[in-house]
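# Notes for the structure review
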Amino acid sequence: MSRSRIPRFYQLSVSERIALLRQRGVLSTDAAAHLADGTSALDVEAADRLIENVIGVFSMPMGLGLNFRINGRDHLVPMVVEEPSIVAAVSSAARLVRQAGGFTSVADEPLLIGQIQVVDLIDPERARADLLARGDELVALADSGHPKMVARGGGARGIEVFLRGATAQNGELLVVHLLVDTRDAMGANLVNSMCERLAPLVEEISGGRVFLRILSNLTDRALVRARAVIPHALLETADFPGERVRDGIVLANEFAAMDPYRATTHNKGIMNGIDAVALATGNDWRAIEAAAHAYAGRGDGYGPLTTWSVNDAGDLVGELTIPLKVGTVGGQVESNPAVRLAHTILGVSSAPELAEVMAAVGLAQNLAALKALSTNGIQHGHMRLHARAVAAAAGASGARFEEVVERLIADGEIKVWKARQIMQALEEGSDGDRVIEPAAPDAGYGTAAVVALPAAHPAPTATLTPSASATCAAALTPGAPGSDAHLGYGKIILMGEHSVVYGYHAIAAPIGLSVRAQVTRQASLREPVIADRDVDGSVREPIRADLSHRVAALIVTRLGVSDAGLRVDVFSHLPRASGLGASAAFAVALIRAVADSFQLTISDAEVSSLAFECEQIVHGTPSGIDNTVATFGRSVLFQRSDAPGGHTIRDIFTPHPIPIVIGLSGVESLTKQTVGLVRSAWQRNPARYDAIFSQIDGLVLAGVDALRRGDIAELGELMNINQGLLNALQVSSPEIESLVAIARRAGALGAKLTGGGGGGAMIAIAEPGGTEPIITAMRSAGYTTYLTEIR
């Protein structure tokens, strides 16, 4: 099990997160209890022993940076910070780099520099030469007062002597640098005491007068270099191709390299992450900041601490070089229980290893910022987190908290007074069928969002039983789509994904998750409005507005109607980018809703055909399987064909229901991306990949026979083999592999990814009554699950 990869961690309550860390062995029972009851914080009595004039203890949030893999090892990274979005952004960037193999980070020997200022020299050049000649004697004297440090492998390493020019009244300035390896200690007191010890001998050798004896916080002898190499395909988002994101990050970095005003903000973003780890681990963030900015200002001007470039393979390469002298032992660490706990969670064994982690965090933070700035803009991700902070400041809590957040986002006026107004309206029960306009452009699709409308169906539970739900696809037949004709059905591909694109067979089945659309016409609207909501009526995070409007434009064009005055409300049970057919279900639901609004008669075959065209907008080269299942809502054996007769679709029946557990990896599955990667590989070596597709096809046809006989054990074995071949196609992911392994250990007869892969969802089958251990094991590992069945 990955130590740092915890999908859906943000969806848990604080107590559930602590319990999960305890289950995973990150926290001991005592540590978990201290976190849960608040006794891990510094108390007033202990604080009074640390600084002067104490009147209390100031608290800040501590979160965990997730997904970090550094030098081949997983790290959960404690971060103390008050600014929203920092922890979320760094976790997202770390997950991206994790998919590319993780960070490499290398720390120099942990040297500090002590400075001794010498003035009033008679012969500065002679003094410099004499000091250098007696360097070994000075080093020995420095070490003589610290035998324990020397025994641990640390101590003075050498001296340097510089002439800095004439002072105003005291002649030439000479500076002695004492280089000291402080091992795992921060080392400030050690270095200062060594400099004090050397002062008399320095005066004797130089013939001058020693004035200041103090360490330097410019720790450029303790540099750390973090690096990440990311294939551009991994950078693709729902809105931007990977090459464009890559080139945008490089261009943004060039801005910082050429402009000190931008470089300052650029580096501040890096320090957002590094300072947060420094605070959590009890290190001197002020010294770290001073060193970083001084290092950025070396040479001719102030510049960025990172570089982003493109290598010969077209990969994005990010590198951060930064001075980082930190400690893992000493009073600041040992006197604060919260700091001790942070070190336990982080699990580093030395100060250089801590510095390597902090540099990787800084590079991840910079990647997240540049990626956001060069795509959708930094505010896109900030608004939800800002809304949560505002809701908390207004006093929202309990079950109402998320509702207040959603309404703030939908309204676009994210202010404390607005949050209190929303809370008052909720308390008075005046939320009714209310429309809040105009909404912020990012609140949903288009330029407005509809919120607080009553849900037409109850919110989905984690266990979906198709036979008990009127809106569930598994129990529906063509031409009779349940109680609501405006549905599009989610799907799983039991076997045959990817090979189906090349004309081979695949088995697909509907699931008890659907999308419903509702269309109304309002003369006051000048352009169509699409509002995407969860089934409880709350506004969801926006998906690609350009795609949704292109899909809608295609539909109204093909149906021969006008989009003027159209308002579309979309209610979805389906998680997006999960490989469960959300885009096809959206298209089918929208086609049916528009047709019904204009009283048009349209057959299921026509709905499926038009939905296929919509899928081409979204995915480029779809197989046709998603729109088929989204329309007809039944299990099929599907074979794509571009011939005049069209696709071959055959119904599949099984003598008894087969339970299916769906596990969500928490990583977006971008079907267009994975299909494109497989196509590129096939084009390079068609014979090799056709052979793999042919093997998958044989498994699919054997699976049809197993289904018809109700042989679940045989079906499971075929699924396991299919997963191995999909892994060979490189469309699986670490999270999917983890889920598959968890399911099999818990008793699944078969487990594999479903859909495009690269993340998204997986499925597992079990004997009737055997699903509960699988579900429990997945949820204990932090994954979201659903239960459905094939009939």
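Higher on the page you've got the structure.
Attention in this report is confined to the structure presented alongside it. (Residues numbered from 1 in each chain as written. Predicted model: local features only at pLDDT ≥ 70, side-chain atom pairs only at ≥ 80, totals over all residues. Heavy atoms only, no water.)

Okay, the pattern of salt bridges next. Enumeration according to the criterion identifies 24 salt bridges in this entry. The residue glutamate 160 makes a salt bridge to arginine 221 at a minimum N-O spacing of 2.6 Å. Here the residue glutamate 160 occupies a position in strand β5 (residues 155–166), and arginine 221 occupies one in the loop between β7 (209–216) and β8 (223–230), the gap between them amounting to 61 residues. The structure contains a network of salt bridges with shared partners spanning Glu109, Arg157, Asp181 and Arg183. (Salt bridge = Lys/Arg side-chain N within 4 Å of Asp/Glu carboxyl O. Helix = DSSP H or I, 4+ residues; strand = E, 2+ residues; numbered from the N terminus.)

Here we come to the nonpolar core. Taken as a class, soluble globular proteins show a tendency for nonpolar side chains to be buried jointly. Residues Leu494, Ile555, Leu580, Ile662, Leu715 and Met762 are the most contacted members of the largest nonpolar core, which totals 100 residues. The biggest single contributor to this core is helix α19 (residues 582–597), with 12 residues. Excluding anything up to four places from it in sequence, methionine 762 contacts Val661, Ile662, Gly663, Ile736, Leu739, Val740, Ala743, Ala751, Lys752, Leu753, Thr754 and Met778. Of all hydrophobic cores here, the second largest spans 54 residues; its members include Phe68, Ala292, Tyr295 and Leu363. (Core = buried A, V, L, I, M, F, W, Y, C linked by side-chain atoms within 4.5 Å. Buried < 20%, exposed > 50% of the residue type's maximum accessible area, 1.4 Å probe, protein only. Contact = heavy atoms within 4.5 Å.)

With that settled, consider the sheet that holds strand β3 (residues 104–107). Overall, antiparallel pairing links the 4 strands, which are arranged β3-β8-β10-β9 in an open sheet. Sheet topology places β3 and β9 (306–310) at the edges, where each strand pairs with a single neighbour. Strand-to-strand, the axes of this sheet are offset by a mean angle of 15°, without reference to chain direction. Pairing of β3 with β8, which is carried by 4 bridges, proceeds in the antiparallel orientation. Pairing of valine 106 across the sheet is with arginine 225, part of β8. Here helix α9 (residues 242–258) sits on the sheet and contacts β9 and β10 (316–323); the angle it forms with β9, its principal contact strand, is near 140°. (Pairing = 2+ DSSP bridges. Axes fitted to C-alpha atoms, helices over the stretch in contact; angles between N-to-C directions.)

Okay, a nonpolar patch on the surface next. A cluster of nonpolar residues, Phe58, Met60, Leu279 and Trp285, forms a patch on the protein surface that exposes about 410 Å² of accessible area. Within the fold, leucine 279 resides in helix α10 (residues 260–280). Take leucine 279: its relative accessible area is 33%, and that puts it in the partly exposed class. (Patch = residues over 30% accessible without salt bridge, like charges linked within 9 Å, V, L, I, M, F, W, Y side chains within 5 Å. Areas by Shrake-Rupley, 256 points an atom, 1.4 Å probe, with all protein chains shown as cover.)

On to the pairing of strand β4 (residues 111–119). Most of β4 sits inside the fold, with 7 of its 9 residues counted as buried. Two elements, β4 and strand β6 (residues 172–181), share 8 bridges in a ladder whose sense is antiparallel. Looking at β6, one finds that glutamine 117 is bridged to valine 175. Pairing of β4 with β7, which is carried by 6 bridges, proceeds in the antiparallel orientation.

Now for the packing of aromatic side chains. Evaluation of the coordinates by the stated rule reveals 4 aromatic pairs. Between phenylalanine 68 and phenylalanine 103 the ring centres are 5.7 Å apart and the planes differ by 25°, which places this aromatic pair in the stacked class. Residue phenylalanine 68 is located in strand β1 (residues 62–70), and its partner phenylalanine 103 is located in the loop between α4 (86–99) and β3; the two are separated by 35 residues in the primary sequence. Both residues of the pair, phenylalanine 68 and phenylalanine 103, count as buried. (Phe/Tyr/Trp six-rings, centres within 6.5 Å; stacked < 30°, edge-to-face > 60°.)

Turning to the packing of α10 against helix α11 (residues 285–296), a few remarks are in order. Between two packed helices, what matters for the description is the angle formed by their axes and the separation of those axes. For the pair α10 and α11, interaxial distance at closest approach is 10 Å and the crossing angle is 155°. Regarding the angle of α10 to α11, the classification is roughly antiparallel. Crossing hand, α10 versus α11: right-handed. Counting all contacts with α10, which are made through Asn267, Met271, Ile274, Asp275, Ala278 and Leu279, the residues of α11 involved are Trp285, Ile288, Glu289, Ala292, His293 and Ala296. For the contact of α10 with α11, the residue count by class is 8 nonpolar, 2 polar and 2 charged. (Parallel < 35°, antiparallel > 145°, perpendicular 65-115°, else oblique. Left-handed = near helix turned anticlockwise from the far one by under 90°. Nonpolar A, V, L, I, M, F, W, Y, C, P; charged D, E, K, R; others polar.)

Here the focus is the sheet that holds β7. Taken together, 4 strands build an open sheet; the order of strands is β5-β6-β4-β7 and the sheet is antiparallel. Each edge of the open sheet carries a strand with a single partner, namely β5 and β7. Each adjacent strand pair in this sheet contributes to an overall mean axis angle of 20°, direction not counted. One ladder, built from 10 bridges, connects β5 with β6; its direction is antiparallel. Note on β6: the bridge partner recorded for glycine 158 is leucine 179. Strand contacts of helix α6 (residues 135–144): β5 and β6, with the helix running at about 120° to β5, the strand carrying the most contacts. Packed onto the sheet, helix α8 (residues 188–206) meets β4, β5, β6 and β7 and runs at close to 155° relative to β7.

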